[in-house]
Amino acid sequence: MATANDIFDDFLADRGHETETETPAWEEDYNKKRCPECGGLHEMAASECTVCGWTPN
């Protein structure tokens, strides 16, 4: 589900503005980690997305 910030960032990005100012990190979804790239859900101990291969820096 998109947050208000996501919608606003999409609006700005569509108009050529840079919106990402920090390194993406895992998002939390209840008791799981969610990959910010593909949305794949993982256990809290995960260090890499097994769906797309994304890793936090």
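Just above, that's the structure.
Remember, predicted model here, so these are calculated numbers, not experimental data. (Residues numbered from 1 in each chain as written. Predicted model: local features only at pLDDT ≥ 70, side-chain atom pairs only at ≥ 80, totals over all residues. Heavy atoms only, no water.)

J.: Which parts of the structure should I look at to understand the packing of aromatic side chains?
T.: Each aromatic ring pair is summarised here by two numbers: the centre-to-centre distance and the angle between the ring planes. Per the stated rule, a full pass over the model turns up 2 aromatic pairs. Arranged with centres 6.4 Å apart and planes meeting at 15 degrees, the rings of Phe8 and Phe11 form a pair that is stacked. Of the two residues, Phe8 and Phe11 both sit in helix 1 (residues 4-14), 3 residues apart, roughly one turn of that helix. Here Trp26 and Trp54 contribute two aromatic rings whose centre-to-centre distance is 5.1 Å and whose plane-to-plane angle is 90 degrees, an arrangement assigned as edge-to-face. Remark: Trp54 occurs in the segment after strand 3 (41-42) and Trp26 occurs in the loop between helix 1 and strand 1 (27-29); sequence separation between them is 28 residues. (Phe/Tyr/Trp six-rings, centres within 6.5 Å; stacked < 30°, edge-to-face > 60°. Helix = DSSP H or I, 4+ residues; strand = E, 2+ residues; numbered from the N terminus.)

J.: Would you take a moment to explain the pattern of salt bridges for this structure?
T.: Any two side chains of opposite charge can pair, so long as their charged atoms come close to each other. One pass over the structure, following the stated rule, counts 3 salt bridges. Between Asp29 and Arg34 there is a salt bridge whose closest N-O contact spans 3.7 Å. What makes Asp29 partly exposed here is its relative accessible area of 22%. Across the salt bridge formed by Lys32 and Glu43, the nearest N and O atoms sit 2.6 Å from each other. With Lys32 in strand 2 (residues 32-34) and Glu43 in the segment after strand 3, this residue pair connects regions lying 11 residues apart in the sequence. Connected through shared salt-bridge partners, Glu27, Asp29 and Arg34 make up one network. (Salt bridge = Lys/Arg side-chain N within 4 Å of Asp/Glu carboxyl O. Buried < 20%, exposed > 50% of the residue type's maximum accessible area, 1.4 Å probe, protein only.)

J.: What is the right way to look at the state of the cysteines in this model?
T.: What is meant by a disulfide is a covalent connection between two cysteines, made through their sulfur atoms. On inspection of all chains with the given rule, the structure shows 0 disulfides. Here Cys38 stays free of any disulfide, with the sulfur of Cys49 as its closest cysteine sulfur at 3.6 Å. Looking at Cys38, the relative accessible area reads 39%, which means it is partly exposed. Given the relative accessible area of 1%, Cys49 is considered buried. (Disulfide = S-S within 2.5 Å.)

J.: Would you mind going over the sheet that holds strand 3 with me for this structure?
T.: Reading across from one edge, 1-2-3 is the order of the 3 strands in this open sheet, with antiparallel pairing throughout. Only two strands of the sheet have a single partner each, and these edge strands are strand 1 and strand 3. Bridge count for strand 1 against strand 2 is 3 bridges, and the pairing is antiparallel. From the neighbouring strand, Glu27 faces strand 2, where its bridge partner is Arg34. (Pairing = 2+ DSSP bridges.)

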